[in-house]
Amino acid sequence: MARSASALVAGFLLVLALLTLDAAQGQQPFAPTDPSDADALHAVFRQWRLEGEAAAEDPCMKRVWSGSFEINASIHCNCPAFSWCRITGLNVTGYRNITEIPLVLFNLTELVSLDLSNNNLNGLIPPEVGNLSKLETWHFNNNNLSGSFPHESSLLRNLKSLWIFDNNVEGLIPEFIQNLTSLTDLRIYGTKLQGPIPKKFSNLTNLEVLMLGDLGGNHSYFDVIGEWANLSTLSLRKCGLTGQLPNTPPNLPKLTYLDLTSNNLSGSLRLLLPYKNSSFIYIGENSFSERLPPEIVQQNVSLDVSYNRFVNGSLPTVVAGQKWPINYIGTSVDASGTVNSEILTILNCLRMKGCNGSSVTTGADHATFAINCGGKQIDYSDQMPTVFSEDLTDLGGAGFYVNTTSHWVTSHVGSDPFNKSAGIVNIDNILDSDMPELYKTARTSTSSLRYYVVGLANGRYTVKLFFAEIVITDGPGRRLFDIDIQNQNIRKDFDITKEAGGSRKGTNITQEVSVNNSILEIHLYWSGRGTCCIPYKGAYGPLVSAIKVARSQDPTISPPRAPSSDSARQDEKRRGVVAGIAALCIAAAVISSSVVYLWWKWVSLVKRPMA
């Protein structure tokens, strides 16, 4: 009897050990969820209408409500032996119907990870977030949250990853962020936050990824960058950085991606040589000067120095059939050793922001031109016959292409830091379009895409842009970008899918513009808005399917409108008035002539008898 009892106890202990081992390995937990955690999660999910038939289930037993990459509702639990399971992770992403953050959520005080990205959350960030003192990951990007950061956020001293981008939060960048020294991944862009960047950001010595951008307010300086031994991605696009780089730049030995675009940095490019082994170096739209260091021009480095007008020097000799992965449009760099004279003439026009009458002339046959962006040449012989030129050149992470036949240029800058970005995309089928082939391909960019037409006669032109969203075709992803023509913004946060009424549907924008320096410029660019990673990392930024430009006087493109009946009657009245005035003038002239003639005759008769 004693022997059987001992065997029973041993068996019980063995089963208990196996269940405990399963729990430790992430299998179904042995213990149920802590009652306070379960009550809080059920309350949150009821408000978000996520529970459905699972309302009575134990949260840590279920764990996953929706598990796709784009739409996710799941939790993580920590289930120690002989104790309640505690909810340590909450992921609810991709639900556009979720608009509020229930305050009861902040009763989940054991949370280590909270991801509420890509929903439709609005209103203020609740100060109760300070209750989550164990939080290490806090992502609430791609929402509509507004107001300033609550001071209670400063209590989150264990944060390692903080994503804020694509929201309407405002005010100064919170200074408390510089005290979150455990941070490894910080992303703040596409918001209404203002600079300057706090000076003690250099204290964030554990950073691996720092992406700041789209900051208004006061200037910042490069000394906010510290000696960050583990930093691989540094993006400070449009952050109000000003002044020269330090003579001894910070040591960033693991840096692979550097983006300082659209600031006011100046000085010599030689100060960037410590970062020459990065895969991407973007420093366009600044005030750098002096000679382009040949050491920084390499086949394995995408380099953008465009629109630094005082950068000069020449490009190193390139092997026949190859070209450097560099964009130097708008600089004084001498490319005569790497391109032919026709290309050089067009590039010089862009550099000087104009062409004289003899340098580049498109001629009357180029009064209309069109481009099939990202696709092959297409001829349309309908009532408006048009040839859409081929635009298939791979521009990599930085580059440009010059069409010397029609004198147009496409210029591209940008690459996602975490995934090779596709500059040309395509799809097999398009919905509801009478020109489907135009919309099946597109050129795209994660930063900036420009098209120029060079050598145009000055005057008025009609620009027509063709779009169809052929990448983000399902799920909650959103592509937003801005459009400028002739340096005038015509669309802010342009959403192709919304404009077209769905994905894979064509939509157009038509704009009348003036050309007064022989150059037409179309600029499509990303301002930090929209999703970043649906359906894959790098699916953001501008996308365009085709472009068509025509002289506004061309009757086949822009016929004059027939006058309305009111304006016609007004014209008739004006013509009647003019005719009446003309008749009176003629009558007056006849009467005056008759009077003069009669007077002359009378004088003659009077004088004759006297003779």
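Above this text is the structure in question.
Starting from 1, residues in each chain are numbered consecutively following that chain's sequence as written. Under the rules for a predicted model, residues below a pLDDT of 70 receive no local features and side-chain atom pairs below 80 are neither given nor counted, while totals for whole chains, interfaces and linings still include all residues. For the side-chain quantities, the full set of heavy atoms in the structure was used; hydrogens and water were omitted.

Chemist: Would you take a moment to explain the overall build of the protein for this structure?
Modeler: The number of helices and strands found in the protein is seven helices and 37 strands. Relative accessibility decides the category of a residue: with a 1.4 Å probe and only protein chains considered, values under 20% of the type maximum give buried, values over 50% give exposed, and everything between is partly exposed. Going through the 611 residues of the protein one by one, you find that 51% of them count as buried. Per-residue and other accessible areas follow the Shrake-Rupley method at a 1.4 Å probe size, with only the shown protein chains counted as cover for residues. When the accessible area of the protein is evaluated, it comes to approximately 28,900 Å², of which 53% is carbon and sulfur surface. Secondary structure elements follow DSSP: runs of H or I of four or more residues count as helices, runs of E of two or more count as strands, with numbering from the N terminus.

Chemist: Can you walk me through the sheet that holds strand β35 (residues 519-525) in this structure?
Modeler: Adjacent strands of a sheet pair through backbone hydrogen bonds, lying either parallel or antiparallel. What makes two strands pair is DSSP finding at least two bridges between them. Reading across the sheet, the six strands line up as β26-β27-β30-β35-β32-β33 and stay open at both edges, with antiparallel pairing between neighbours. Each edge of the open sheet is held by one strand with a lone partner, namely β26 (398-403) and β33 (488-494). In this sheet, adjacent strand axes meet at a mean angle of 10° when their direction is disregarded. Pairing of strand β30 (residues 448-454) with β35, which is carried by seven bridges, proceeds in the antiparallel orientation. When the bridges of β35 are listed, Y451 appears paired with I522. In what follows, a contact means two residues having at least one pair of non-hydrogen atoms within 4.5 Å. Angles here are taken between N-to-C directions and fall from 0 to 180 degrees, while the axes themselves are lines fitted to C-alpha atoms, restricted in helices to the stretch in contact. Lying over the sheet, helix α4 (residues 341-351) contacts β26, β27 (408-413), β30 and β35, oriented at roughly 115° with respect to β26.

Chemist: What am I meant to see in helix α2 (residues 35-48) here?
Modeler: Its 14 residues place the ends of α2 20 Å apart at the C-alpha level, agreeing with the 20 Å of an ideal helix rising 1.5 Å per residue. The complete set of buried residues in α2 reads D37, A38, A40, L41, H42, V44, F45 and W48. Within two residues after α2, R49 carries a phi angle of roughly 60°, on the positive side. Here the expected length of a helix is defined as 1.5 Å per residue gap, with one fewer gap than residues.

Chemist: When you look at empty space enclosed by the protein in this model, what are you seeing that I'm missing?
Modeler: Take a probe with the size of a water molecule and roll it over the atoms, and the empty space left behind shows itself. Think of a 1 Å grid over just the protein atoms. A cavity is a set of points where a 1.4 Å probe fits yet cannot get out, a pocket is an open set with protein on both sides within 12 Å along at least five of seven lines, and lining residues have an atom within 4 Å of a point. Grid points are joined across faces, edges and corners, and a volume is the space filled by probe spheres set on the points. Summed over all chains, the structure comprises five cavities of 30 Å³ or more. Surrounding the largest cavity, 16 residues form its lining, S235, R237, Y257, D259 and W526 being those nearest its centre. Sorting the residues of the lining of the largest cavity by element identifies β12 (209-213), β14 (233-237) and β16 (257-259) as the ones contributing at least two each. Broken down by element, the lining of the largest cavity gets its largest block of residues, three residues, from β12.

Chemist: Would you explain the nonpolar core in this entry?
Modeler: Grouped burial of nonpolar side chains is what soluble globular proteins tend to show. We call a set of buried residues a nonpolar core when its members are Ala, Val, Leu, Ile, Met, Phe, Trp, Tyr or Cys and they connect through side-chain atoms within 4.5 Å of each other. Counting residues in each nonpolar core, the largest one holds 104 residues, and the members touching the most others are L90, W138 and L292. With sequence-adjacent residues up to four places away left out, L90 is seen in contact with L41, F45, S74, I75, L105, L108, L111, S113, L114 and D115. Counting 46 residues, the second-largest nonpolar core is a separate cluster that includes I371, L438, V513 and I547.

Chemist: What is the right way to read the environment of S448 from this model?
Modeler: Looking at the secondary structure, you find S448 in strand β30. Separated by 75 residues in the primary sequence, S448 and H523 place their C-alpha atoms 7.3 Å from one another. Apart from residues no more than four positions distant in its own chain, S448 is found in contact with S411, H412, V413, H523, L524 and Y525. Within polar-contact distance, the side chain of S448 engages the side chain of H523 at 2.8 Å. The term polar contact refers here to a pair of N or O atoms within 3.5 Å; inside protein, the definition further demands a hydrogen-donor-capable atom paired with an acceptor-capable atom, and it admits residues adjacent in sequence only when both atoms are side-chain atoms.

Chemist: Please clarify how the environment of L108 should be interpreted in this entry.
Modeler: Looking at the element boundaries, L108 is found in the loop between β3 (86-93) and β4 (113-115). Linking L108 and N131, residues 23 residues apart in sequence, is a C-alpha distance of 8.6 Å. Beyond its immediate stretch of four places on either side in the chain, L108 contacts D37, A40, L41, I87, L90 and L132.

Chemist: I keep staring at the state of the cysteines and nothing clicks. Help me out?
Modeler: A covalent bond between the sulfur atoms of two cysteines is what we call a disulfide. For this text, the term disulfide refers to a pair of cysteine sulfurs within 2.5 Å. For the structure on display, the rule yields three disulfides. With a sulfur-sulfur separation of 2.0 Å, C79 is cross-linked through a disulfide to C85. Judged by the sign of its S-S torsion, about 120°, the cystine formed by C79 and C85 is right-handed. The class for C79 is buried, based on a relative accessible area of 13%.

Chemist: Please clarify how α4 should be interpreted in this entry.
Modeler: Residues separated by three or four positions in an α-helix point in the same direction, a consequence of the helix having 3.6 residues per turn. Residues of α4 that are buried include every one of I343, I346, L347, C349 and L350, and no others. One side of α4 carries all its buried residues, which in axial view fall inside an arc of 150°. Looking at the packing, one finds that the buried side of α4 touches β26, β27, β30 and β35. Throughout, the arc means that of the directions going from the helix axis to the C-beta atoms.

Chemist: Looking at this structure, I do not really get the pattern of salt bridges. What am I missing?
Modeler: Pairing is possible between side chains of opposite charge, provided their charged atoms come close. Within this document, salt bridges are pairs made up of a side-chain nitrogen of Lys or Arg and a carboxyl oxygen of Asp or Glu, the two lying within 4 Å of each other. Overall, the coordinates contain 15 salt bridges when judged by the stated rule. With its nearest N and O atoms 2.7 Å apart, the salt bridge here joins D214 to R237. Linking D214 in the loop between β12 and β13 (216-217) with R237 in strand β14, this pair joins segments that are 23 residues apart in sequence. Judged by relative accessible area, D214 falls into the buried class, the value being 14%. The buried category is assigned to R237, whose relative accessible area is 8%.

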